[in-house]
Amino acid sequence: MVETVLEAMVAEVLASTQVIDIHTHLFAPGFGSLGLWGIDHLLTYHYLEAELFRSAPIRPEAYWALSLAQRADLVWKTLFLVNNPISEATRGVIAVLDALGLDTSARTLAPYREFFREQNLPDHLARVFKLAGIESVVMTNDPLDPEESPRWNDVASDKRFQASLRLDRLLNQETAHKPAEARRFLEGWATRMRAVYMAVSLPDSFQFPANDRRNQLLTGAVLPACRDLNIPLSLMIGVRRQVNPALRLAGDASGRADLRSIETLCREFPDNRFLVSVLSRENQHELCVYARKFANLMPFGCWWFLNNPSMLEEITRERLEMLGTSFIPQHSDARILEQVIYKWRNTRRTLAPVLAKTYQLLAEDGRSVTRADIERDVQRLFRTNFQNWTSR
Ligand code: HDL
Ligand code: ZN
């Protein structure tokens, strides 16, 4: 089968597979204003704000003094009119507007604001999920967030939005929780949320073992709770928080971590399952090596600064070469509903030739694949690896 025919078949299988988006910052409609959607939030995404400050003559403190609409107007003018939207995040907004049937060159945001004003969320959400080809997403839920916590009293469950229990406040900030109390707290909330996993982002300086509060809570509360609840722990390692606080959410950076922490955790806690994503490009290959050593380690995603076609291609190729289909290639990390449209379009577009090339090499080495073979692989990569890992 020539590559183009093969690539077309892979592209079709990817297009027709409803993925599970295993890490997002989206919220089910029942969470009200916590769920962000529409043009003003799309344009004030922190990825775009970081790019704005490089091209607009405005200082961050002056920008933060503007209203949401004024900030969105400035981003549109600077990154989409004065300059061409050729970065990943700017091109993504164009892809969203185009997918929704809107003119992508409007001189002002008025027509877009009118379009989103006319949408009702349930229909709009269904349309966006269909355009993105996603069956469900996993939210990032923080029981210590005063904004979110009370909403769990009456939120209706929605099978398209699974919960994950986020541990950053507990593990990375000075809370008074002792391990035994923290364990009860976590088991209670994970049960209440029906969390499919617990998650924490960790700095590049993270060490395990270490004689510190975070390690005591990991070993005394988090790991036993996950084991008893039979859910994985997601470790997202390598973020350097607030290297430039003036940029707020856009102020975080990345750093190379010492992944021997993963080695110790996987070896010392064989009854725990781990989802691991690392933020530094330099950590990707050794994460694949560790996944070959520990069957309780599931690498996932091209996280944040790695969610670009060049990185997605490089990282997925080395994962396929070393792990076959025993990993989860991508998550969207979407913060604004409509972002799933471009983030999953880019993933499918980037991975079709990568997968096709793999099958081409297999054919040259002696075995051709059928469409059913390709469907089996894509199902595993984007659905069953996660479903099995979360024992769902
Ligand atoms: O810690 C995280 O979950 C990161 O994904 C941050 O939320 C980050 O700001 C982000 O949105 N990355 O895509
Ligand atoms: Zn995230």
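Our subject is the structure listed above.
Everything in this summary refers to the structure shown in the same document. Position numbers for residues start from 1 in each chain and track the written sequence from start to end. Each chain takes a letter, starting from A, and each ligand takes a number, starting from 1, following the order in which they are written. Under the rules for a predicted model, residues below a pLDDT of 70 receive no local features and side-chain atom pairs below 80 are neither given nor counted, while totals for whole chains, interfaces and linings still include all residues. Side-chain numbers come from the whole structure's heavy atoms, not from hydrogens or water.

**Overview of the coordination of the zinc ion (ligand 2)**
Distances from the zinc ion (ligand 2) to its protein donors, namely H23 (NE2), H25 (NE2) and D333 (OD), fall within the range 2.0 to 2.1 Å. The motif formed by the donor residues of the zinc ion (ligand 2), counted along the single chain, is H-x1-H-x307-D. Placement of the pair is H23 in the loop between strand 1 (19-21) and helix 2 (39-43) and D333 in the loop between helix 14 (309-323) and helix 15 (339-364), with a sequence separation of 310 residues. Residue exposure (1.4 Å probe, protein chains only): buried if accessible area is under 20% of the type maximum, exposed if over 50%, otherwise partly exposed. Take H23: its relative accessible area is 2%, and that puts it in the buried class. For Na, K and Ca the donor cut-off is 3.2 Å, while for other metals it is 2.8 Å, and in both cases only N, O and S atoms qualify; water is not among them, so sites may look incomplete. Helical segments are the DSSP runs of H or I of at least four residues, strand segments are the runs of E of at least two, and each set is numbered from the N terminus.

**Some words on the pattern of salt bridges**
Any carboxyl oxygen of Asp or Glu within 4 Å of a side-chain nitrogen of Lys or Arg constitutes a salt bridge here. As enumerated under the stated definition, the model contains 25 salt bridges in all. A salt bridge links E88 to R91, with the shortest nitrogen-to-oxygen separation between them at 2.7 Å. Placement of the pair is E88 and R91 together in helix 6 (residues 88-99), with a separation of three residues, close to one helical turn. Given a relative accessible area of 31%, R91 falls into the partly exposed group. Taken together, the salt bridges that share partners define one network made up of R166, D168, R241 and D252.

**Looking at the site of ligand 1**
The immediate surroundings of ligand 1 are formed by H23, H25, H46, Y47, R166, S201, M236, R241, W303, W304, D333 and R335. Whenever a nitrogen or oxygen atom comes within 3.5 Å of another N or O atom, the pair is scored as a polar contact, on the condition that within protein one atom can donate a hydrogen and the other can accept it, and that pairs from neighbouring residues in sequence are kept only if both atoms are in side chains. In the environment of ligand 1, an oxygen atom lies 2.7 Å from a nitrogen or oxygen atom belonging to the side chain of R166. Here an oxygen atom of ligand 1 and a side-chain polar atom of D333 are 2.9 Å apart. Charged residues are taken to be Asp, Glu, Lys and Arg, nonpolar residues to be Ala, Val, Leu, Ile, Met, Phe, Trp, Tyr, Cys and Pro, and polar residues to be all remaining types, Gly included. Here the shell around ligand 1 is built from residues that sort into four nonpolar, four polar and four charged. Think of it this way: one heavy atom of a residue within 4 Å of a molecule or strand is enough to make that residue near it.

**A few points about the side chain of S332**
By secondary structure assignment, the location of S332 is in the loop between helix 14 and helix 15. One polar contact links S332 to D21, side chain to side chain, over a distance of 2.5 Å. Any two residues having at least one pair of non-hydrogen atoms within 4.5 Å are treated as being in contact. Leave out the neighbours within four places in its chain, and S332 touches D21, H23, T24, N307, V340, K343 and W344.

**Some remarks on the sheet that holds strand 4 (residues 164-166)**
Reading across the sheet, the five strands line up as 4-5-6-9-10 and stay open at both edges, with parallel pairing between neighbours. Looking at which strands have only one partner, the edges of the open sheet turn out to be strand 4 and strand 10 (297-299). On average, adjacent strands in this sheet sit at an angle of 25° to one another, irrespective of strand direction. Here, any two strands with at least 2 DSSP bridges between them count as paired. Axis definition: a line fitted to C-alpha atoms, limited for helices to the stretch in contact. Angles are taken between N-to-C directions and run from 0 to 180 degrees.

**Details of the packing of helix 15 against helix 16 (residues 371-389)**
Between helix 15 and helix 16, the shortest axis-to-axis distance is 13 Å and the interhelical angle comes to 130°. In terms of their interaxial angle, helix 15 and helix 16 are classed as oblique. Helix-helix and strand crossings are classified by hand; for helix 15 and helix 16 the assignment is right-handed. Contacts between helix 15 and helix 16 pair W344, T347, L351, L355 and Y359 from the former with D373, I374, D377, V378, L381 and F382 from the latter. Classifying every residue of the contact of helix 15 with helix 16 by side-chain character gives eight nonpolar, one polar and two charged. Angles are sorted into four bins: roughly parallel if under 35 degrees, roughly antiparallel if over 145, roughly perpendicular if 65 to 115, and oblique for all others. The handedness criterion is simple: a crossing whose near helix is rotated anticlockwise from the far helix by less than a right angle is left-handed, and one whose near helix is rotated clockwise is right-handed.

**Considering the packing of aromatic side chains**
Pairs of aromatic rings are described using the distance from one ring centre to the other and the angle between the two planes. Two aromatic rings, drawn from Phe, Tyr or Trp (for Trp, its six-membered ring), form a pair once their centres lie within 6.5 Å of each other, and the interplanar angle then sorts them: stacked below 30 degrees, edge-to-face above 60, tilted otherwise. As enumerated under the stated definition, the model contains 15 aromatic pairs in all. On the basis of an interplanar angle of 50° and a centroid distance of 5.4 Å, the ring pair of F27 and F31 is categorised as tilted. Assigned by exposure class, F27 and F31 land together as buried. With 5.2 Å between their ring centres and 85° between their planes, F53 and Y63 make a pair best called edge-to-face. Linking F53 in helix 3 (residues 46-55) with Y63 in helix 4 (residues 60-64), this pair joins segments that are 10 residues apart in sequence. Here the two residues F53 and Y63 agree in accessibility, since each one is buried. The structure contains a cluster of three or more aromatic residues connected by ring pairs, namely F27, F31 and W152.

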